[in-house]
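# Results of the structural survey
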Amino acid sequence: MAGITRIKYWILFSLITLSLILYHLTNLAEQRARDFETKMLSALQSDMAELQQPVDSLHLSPPSQEWMKRQYRQTAAFLGFNYTPPNRWKSCRNSFNTLYFPKINAVFTGVPKAGCSNWMEALMIAEGVISGPLEDVDQVHNLYAKPYRMMFLGRFKKIVSGRFVAPDFSFTGIRNPWTRFVSAYKDKLQPGTNLPSAVEKVMRYLRKNVAQSEDLRSRSYPTFEEFLLYIIANEGSANYHFKQQVHTLCLKVAEYDYIVPLEYSSVIAGEIWSKLNASVELPMSYDKSSDPRTQRSTVEAKAMFSKIDPAIVEEIYKLYKPDFMLMNYSNFTDPNFPMPIID
């Protein structure tokens, strides 16, 4: 009897030991996978850091506003928009993300996935709508933005002695399309998204039109390449988070006083607040790295797009060519990606 008891204890001890070994091996494999991913990103970051230029380098300074406005006009002309002064902001009501702030007398057009939530939050602070950064930046859209959106604004004109007074200042923010795609995918089409309807729509399309595989039926989220195929199939107009930036801007009816490429937002933000006479900081600023080439979004975009079929990349470029024209943005294969190519 004692021998049987010892055998039972030995079997129990063996099972516990085996469980601990398997647990350790599983954790070790997961840790090695995480370490590999970290090393890959670190290697890319290191390679790009070698491009670091002196502080006064052209690469570290944003293009002049004159140069950016010239690009803006060329893009408008490419699209067949014949803008003539003065600005007709009231006619920009079709832009859901163009807002007017009467107290600071400013207009802002926020391009989704180009820092618009952070800019809108900062402008709400400057306007006196909120006292400080929100716990959840998405609340700026859900709770506060509607009264300021042009399409809902019943009385945009500011009347003084019966005369129309234009806003004192207007600006917008844009972004290199390659990094914007990666941001949209990671924020809206991955676990934890606040846009589950977009995920469902993409997956429904893929299962119907791309593949009937068991793998696709069992997955809840698209791969990055599948997301790009969905964009191509819908010609860039599937969701306003993903559509061309030029269709959010008021290209037809107005020119902005300032254009803020997201890559340089931390540099240009001070100029914006000076123009608005406001003491505000850009909350959760895009990336504090002084060189846009070493920012994390740049490293991720370069890594993710390098794995995509070149034919898909070419189709995406054709669809979003006007967005690239806005700042003459570089390709992800360019050593100076994601910066504008300044001629």
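Anything mentioned here points back to the structure above.
In short, a report on the structure. None of these values were measured; they are calculated from a predicted model.

## Looking at the overall build of the protein
Along the protein, the regular secondary structure elements total 12 helices and 6 strands. Burial analysis of the protein (343 residues in total) assigns 45% to the buried set. Partitioning the intrachain contacts of the protein with sequence separation of at least 6 by distance along the chain shows that 74% fall at a separation of at least 24. Of the roughly 18300 Å² of accessible surface on the protein, 55% is carried by carbon and sulfur atoms.

## Overview of the nonpolar core
Across soluble globular proteins, nonpolar side chains have a tendency to be buried as a group. By size, the foremost hydrophobic cluster in this structure holds 54 residues, and its most contacted members are W178, F181, F224, F227, L228 and F305. Breaking this core down by element, the ones donating at least two residues are α2 (65-78), α5 (177-188), α6 (196-209), α8 (224-233), α10 (296-305), α11 (310-319) and α12 (321-327). Beyond its immediate sequence surroundings of up to four residues, F224 is in contact with F181, V182, Y185, M304, F305 and I308. Counting 30 residues, the second-largest nonpolar core is a separate cluster that includes F101, I104, A278 and V280.

## Some remarks on the sheet that holds strand β1 (residues 98-101)
Strand pairs in the sheet, formed through backbone hydrogen bonds, run parallel or antiparallel to each other. Pairing is mixed in the open sheet, where 4 strands are placed in the order β1-β2-β5-β6. Of all strands in the sheet, those bounded by a partner on one side alone are β1 and β6 (258-261). On average, adjacent strands in this sheet sit at an angle of 20 degrees to one another, irrespective of strand direction. Relative to strand β5 (residues 169-174), strand β2 (residues 106-110) runs parallel, the two being bridged by 5 bridges. Residue pairing across strands places F108 opposite F171, the latter belonging to β5. Those strands touched by helix α9 (residues 265-276) are β2, β5 and β6, and its axis lies near 155 degrees from that of β6.

## Re α9
Taking 1.5 Å per residue as the helical rise, α9 with its 12 residues ought to reach 16 Å, and the 16 Å between its terminal C-alpha atoms agrees with that figure. Here the buried face of α9 lies against α2, β2, α3 (116-127), β5 and β6. A positive phi of about 55 degrees marks N277, the residue just after α9.

What counts and what doesn't
- Residues numbered from 1 in each chain as written.
- Predicted model: local features only at pLDDT ≥ 70, side-chain atom pairs only at ≥ 80, totals over all residues.
- Heavy atoms only, no water.
- Helix = DSSP H or I, 4+ residues; strand = E, 2+ residues; numbered from the N terminus.
- Buried < 20%, exposed > 50% of the residue type's maximum accessible area, 1.4 Å probe, protein only.
- Contact = heavy atoms within 4.5 Å.
- Areas by Shrake-Rupley, 256 points an atom, 1.4 Å probe, with all protein chains shown as cover.
- Core = buried A, V, L, I, M, F, W, Y, C linked by side-chain atoms within 4.5 Å.
- Pairing = 2+ DSSP bridges.
- Axes fitted to C-alpha atoms, helices over the stretch in contact; angles between N-to-C directions.
- Expected span 1.5 Å × (residues − 1).

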